[in-house]
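Below are the chains, spelled out letter by letter.
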Amino acid sequence: MKNNKKMIVGFLAPTVIIFLIVFLYPIVRTIMMSFFKIDSVTDTTDLWTFVGIQNYEKLFGTAIFRKSMLNLFKIWAIGGAIVLSVSLLFGVILTSGIRGKKFFRAVIYLPNLVSAVALATMWLQYVYSSKFGLLKSILDAVGMHKLAETAWLDTDHKFGALLFAYCFGMIGYHMLIWMSGIERISPELYEAATIDGANRPQQFQHMTLPLLKGVFKTNITMWSVSTAAFFVWSQMFSTVTADEATIVPVQYMYMQTFGAGNAVTERNAGYGAAIGIILCICIVVIFTICNKLIKEDDLEF
């Protein structure tokens, strides 16, 4: 190692430099910005006005930001329960020896290959449309005419419609993560369990789930990261600039940083940076709790 110090430094230096420039510097700069009032993201530091923790105090004192955090929590909690449970179900089914596994896996994952803008547009115009939408046609076909007349995109139903559409598109992604974990479990373990008299539900409860703890940690972390960056769907489902029914923190951060017509007349990039820091802290807290609660040291394949 001592003789190869120059070689080691030579190989590590590009990675370290790129990490410092691409990751560490933006993080440190964003933290600094959150304590200043900044008219534009491109302003030099001599134009920044120090305000301390006023940006954070203003955030938690603003009703629309609290509403956006509540919407985000509901997407994370309710949507997470739906997506992770349904994707796990599909993952178990597709790894159980079912015929056409590759076909069904491709079909379920297909929404992830379509851009979020195109997918949201499809739901808005061709599924939730009150005149000729697919949902209305299906409900009319089964005789549920009163439910078919529901305006899914009004204020009372818009958030539920948004959440369902988003969950539909995310199931395939998390299903693949579950499948990668399930396929690592040796078939010999299931054969031994079958010989011992364990049925499929018992095998799932006492073997599959415990051995998927690490995969569950990965899934919930990835879900938290994608939820924290939730923006496009909220923007597409918003009929006005700041729609409280669908607003989320990243959308509010965008409006505060870059402006949004009549909804935001004064831009403050420091205020937007504070929102980003809060979201980052939320993800770190979730990841820390997962590491504390989900331990797999005593399990092996």
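Calculation notes
Residues numbered from 1 in each chain as written. Predicted model: local features only at pLDDT ≥ 70, side-chain atom pairs only at ≥ 80, totals over all residues. Heavy atoms only, no water. Helix = DSSP H or I, 4+ residues; strand = E, 2+ residues; numbered from the N terminus. Areas by Shrake-Rupley, 256 points an atom, 1.4 Å probe, with all protein chains shown as cover. Lys, Arg positive; Asp, Glu negative; His and termini not counted. Charge placed at Lys NZ, Arg CZ, Asp CG, Glu CD. Phe/Tyr/Trp six-rings, centres within 6.5 Å; stacked < 30°, edge-to-face > 60°. Buried < 20%, exposed > 50% of the residue type's maximum accessible area, 1.4 Å probe, protein only. Lys NZ or Arg CZ within 6 Å of the ring centre and 35° of its normal. Polar contact = N/O pair within 3.5 Å; in protein donor to acceptor, adjacent residues only side chain to side chain. Contact = heavy atoms within 4.5 Å. Expected span 1.5 Å × (residues − 1). Arc of directions from axis to C-beta. Axes fitted to C-alpha atoms, helices over the stretch in contact; angles between N-to-C directions. Parallel < 35°, antiparallel > 145°, perpendicular 65-115°, else oblique. Nonpolar A, V, L, I, M, F, W, Y, C, P; charged D, E, K, R; others polar. Core = buried A, V, L, I, M, F, W, Y, C linked by side-chain atoms within 4.5 Å.

Thoughts on the overall build of the protein chain
Argument step 1. A count of helices and strands for the protein chain gives 14 helices and 2 strands.
Argument step 2. Overall, the C-alpha framework of the protein chain stretches about 75 × 75 × 30 Å when taken along its three principal axes.
Argument step 3. Accessible surface computed for the protein chain: about 18,000 Å², of which carbon and sulfur atoms make up 67%.
Argument step 4. Side-chain charges in the protein chain split into 24 positive and 19 negative, and the spacing between the mean points of these groups amounts to 5 Å.

Observations regarding the packing of aromatic side chains
Argument step 1. Using the criterion set out here, one finds 20 aromatic pairs in the structure.
Argument step 2. Taken together, a centroid distance of 5.8 Å and an interplanar angle of 50 degrees make the contact between Phe-35 and Tyr-56 tilted. Remark: Tyr-56 occurs in helix 2 (residues 54–60) and Phe-35 occurs in the loop between helix 1 (5–33) and strand 1 (36–37); sequence separation between them is 21 residues.
Argument step 3. Phe-35 sits in the partly exposed class, given a relative accessible area of 28%.
Argument step 4. Ring centres of Phe-60 and Phe-65 lie 5.9 Å apart, and the angle between their planes is 85 degrees; this geometry places the pair in the edge-to-face category.
Argument step 5. Clustering of aromatic rings is evident, with ring pairs tying together Trp-123, Tyr-128, Phe-164, Tyr-166, Phe-168, Trp-223, Phe-230, Trp-233 and Phe-237.
Argument step 6. Between the NZ or CZ atom of Lys-58 and the centre of the ring of Tyr-271, over which it lies, the distance is 4.9 Å.
Argument step 7. Looking at Lys-74, its charged tip hangs above the ring of Phe-159, at a distance of 4.6 Å from the centre.

Re the side chain of Thr-257
Argument step 1. Inspection of the secondary structure assignment puts Thr-257 in helix 13 (residues 249–258).
Argument step 2. A polar atom in the side chain of Thr-257 sits 2.8 Å from the backbone oxygen of Met-253.
Argument step 3. For Thr-257, the contacting residues outside a window of four places in its chain are Val-41, Arg-267, Asn-268, Ala-269 and Gly-272.

As for helix 10 (residues 200–211)
Think of an α-helix as 3.6 residues a turn; residues three or four steps apart then line up on the same face.
Argument step 1. Its 12 residues place the ends of helix 10 15 Å apart at the C-alpha level, agreeing with the 16 Å of an ideal helix rising 1.5 Å per residue.
Argument step 2. Where helix 10 is concerned, the buried positions are Gln-203, Met-207, Thr-208 and Leu-211. Buried residues of helix 10, seen end-on, are gathered within an arc of 85 degrees and therefore sit on one face of the element. Across from the buried face of helix 10, at angles greater than 90 degrees, the exposed residues are Pro-201 and His-206.
Argument step 3. Buried-residue contacts for helix 10 involve helix 8 (158–182), helix 9 (187–195) and helix 11 (213–228).

Observations regarding the packing of helix 4 (residues 101–109) against helix 8
Argument step 1. Contact pair helix 4 / helix 8: the axes reach a minimum separation of 7 Å and the direction vectors enclose 140 degrees. In terms of orientation, helix 4 lies oblique with respect to helix 8. Between helix 4 and helix 8, the residues in contact are Lys-101, Arg-105, Ile-108 and Tyr-109 and Ile-171, Gly-172, Tyr-173, Met-175, Leu-176 and Met-179, respectively.
Argument step 2. Here the contact of helix 4 with helix 8 is built from residues that sort into 7 nonpolar, 1 polar and 2 charged.

Quick notes on the side chain of Thr-246
Argument step 1. As for its position among the elements, Thr-246 is in the loop between helix 12 (232–237) and helix 13.
Argument step 2. Beyond its immediate sequence surroundings of up to four residues, Thr-246 is in contact with Asn-71, Lys-158, Leu-162, Ser-234, Phe-237, Ser-238 and Gln-251.

Section: the packing of helix 11 against helix 14 (residues 269–293)
Argument step 1. The N-to-C vectors of helix 11 and helix 14 enclose an angle of 170 degrees; their axes lie 10 Å apart at closest approach. Between helix 11 and helix 14, the angle falls in the class roughly antiparallel. Here Lys-217, Ile-220, Thr-221, Ser-224, Val-225 and Ala-228 of helix 11 lie close against helix 14, whose contacting residues are Leu-279, Ile-283, Ile-286, Phe-287, Cys-290 and Asn-291.
Argument step 2. Partitioning the contact of helix 11 with helix 14 into residue classes produces 8 nonpolar, 3 polar and 1 charged.

Re the nonpolar core
Argument step 1. With 39 residues, the main nonpolar core has Leu-59, Trp-123, Tyr-128, Phe-230, Trp-233, Phe-237 and Tyr-252 as its most contacted residues.
Argument step 2. Listing elements by their share of this core, those giving two or more residues are helix 2, helix 3 (63–94), helix 5 (116–127), helix 8, helix 12, helix 13 and helix 14.
Argument step 3. If we ignore the near neighbours within four places in the chain, the residues touching Tyr-128 are Trp-123, Leu-135, Trp-152, Leu-153, Ala-161, Phe-164, Ala-165 and Phe-237.
Argument step 4. Leu-84, Leu-88, Ile-177 and Val-215 belong to the second-largest nonpolar core, a separate cluster that totals 7 residues.

A closer look at the environment of Leu-163
Argument step 1. Within the secondary structure layout, Leu-163 lies in helix 8.
Argument step 2. A residue is classified by how much of its surface remains accessible, and Leu-163, at 10% relative accessible area, is buried.
Argument step 3. Put simply, Leu-163 and Leu-119 are 44 residues apart on the chain and 13 Å apart in space, counted from C-alpha to C-alpha.
Argument step 4. Ignoring any residue separated from it by four or fewer positions in sequence, one finds Leu-163 in contact with Ile-75, Ile-78 and Gly-79.

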